[in-house]
Amino acid sequence: MKLLLMLEDDHDRIRRFRAIVARHHPNAVLKIARTAPDFKTEYWSLNDTPDLICLDHDLFTDSPDDPDPGDGRDVSAFLITRLAKCPALIHSTNAHAADSMMFSMRDAGWTVDRIAPIGDDWIESYWYPVALEMIERGTDSSDSIEM
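Residues numbered from 1 in each chain as written. Predicted model: local features only at pLDDT ≥ 70, side-chain atom pairs only at ≥ 80, totals over all residues. Heavy atoms only, no water.

### A word on the overall build of the chain
Along the chain, the regular secondary structure elements total five helices and five strands. Taken from the N to the C terminus, the helices and strands of the chain come in the order β-α-β-α-β-α-β-α-β-α. Relative to the globule expectation of 15 Å for 147 residues, the C-alpha radius of gyration of the chain, 14 Å, shows essentially globular dimensions. Principal-axis analysis of the C-alpha atoms gives the chain an extent of 45 × 35 × 30 Å. Looking at the chain as a whole, 46% of its 147 residues qualify as buried. When contacts within the chain are restricted to residue pairs at least 6 apart in sequence, long-range pairs at least 24 apart make up 75% of them. If you sum the accessible surface of the chain, you get close to 7500 Å²; carbon and sulfur atoms cover 48% of it. With 15 positive and 27 negative side-chain charges, the chain shows a spacing of 4 Å between the two charge centroids. (Helix = DSSP H or I, 4+ residues; strand = E, 2+ residues; numbered from the N terminus. Rg over C-alpha atoms; globule rule 2.2 N^0.38 Å. Buried < 20%, exposed > 50% of the residue type's maximum accessible area, 1.4 Å probe, protein only. Contact = heavy atoms within 4.5 Å. Areas by Shrake-Rupley, 256 points an atom, 1.4 Å probe, with all protein chains shown as cover. Lys, Arg positive; Asp, Glu negative; His and termini not counted. Charge placed at Lys NZ, Arg CZ, Asp CG, Glu CD.)

### Topic: the packing of aromatic side chains
Applying the stated criterion across every chain yields a total of five aromatic pairs. Relative to phenylalanine 78, the ring of tyrosine 43 has its centre 5.3 Å away and its plane inclined at 90 degrees; by these criteria the two rings are edge-to-face. Of the two residues, tyrosine 43 sits in helix 2 (residues 36-45) while phenylalanine 78 sits in helix 3 (residues 72-79), which places them 35 residues apart along the sequence. The two residues tyrosine 43 and phenylalanine 78 agree in class, both being buried. Every member of this aromatic cluster is reached through a ring pair, and the members are Phe17, Trp122 and Trp127. (Phe/Tyr/Trp six-rings, centres within 6.5 Å; stacked < 30°, edge-to-face > 60°.)

### Describing the side chain of arginine 16
Secondary-structure assignment places arginine 16 in helix 1 (residues 11-24). Of the residues examined, arginine 16 reaches a relative accessible area of 13% and is grouped as buried. A polar contact is formed between the side chain of arginine 16 and the side chain of glutamate 124, at a distance of 2.9 Å. If near-sequence neighbours (up to four positions away) are discounted, arginine 16 is found in contact with Asp120, Asp121, Trp122, Ile123 and Glu124. (Polar contact = N/O pair within 3.5 Å; in protein donor to acceptor, adjacent residues only side chain to side chain.)

### Quick look at the pairing of strand 5 (residues 112-115)
Burial along strand 5 is two-sided: Val112 and Arg114 facing one way and Asp113 and Ile115 facing the other are all buried. Following the backbone out of strand 4 (residues 88-91), through helix 4 (residues 95-107) and into the adjacent parallel strand 5, one traces a crossover that is right-handed. (Right-handed = clockwise from strand over helix to strand, strands pointing away.)

### Regarding the pattern of salt bridges
Side-chain pairing between opposite charges can occur once the charged atoms of the two side chains come close. A complete count under the given rule lists twelve salt bridges for this structure. Measuring nitrogen to oxygen at the nearest pair gives 2.7 Å for the salt bridge that ties glutamate 8 to arginine 13. Note that aspartate 113 and arginine 106 form a salt bridge whose closest N and O atoms lie 3.1 Å from each other. For aspartate 113, a relative accessible area of 2% corresponds to the buried category. For arginine 106, a relative accessible area of 30% puts it in the partly exposed group. Residues participating in the shared-partner salt-bridge network are Glu8, Asp9, Arg13 and Asp56. (Salt bridge = Lys/Arg side-chain N within 4 Å of Asp/Glu carboxyl O.)

The following block contains the structure:
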């Protein structure tokens, strides 16, 4: 695990994602965008292909005065216009939106799976092992991980 690009808005989940990656892969880089426009900016600024892209759907602002953060479908719509060079993992409780993201990306040639973020330790016990497996598989496998 070297480079992960993530769309995630929740401060506690961001802290937990950073902690699990740092604990197991201290040299890995985890770039996190909290809004759809920021994700696109991060994507364009990358010098290397990410090993994995991780996407949430529902994004919220910290303040009512903050600009609209967009959502995961904005990012998946952006990604399907790009060459699929790495796998993507969708983590969202919004099942309909997550399925929409997953199927549109798969139709565009991306290797995509999704997990439901259920339970207090889902990042540590579920997201992390699935993310590792997807990175190992890369974009060459069409196998799906059961949800």
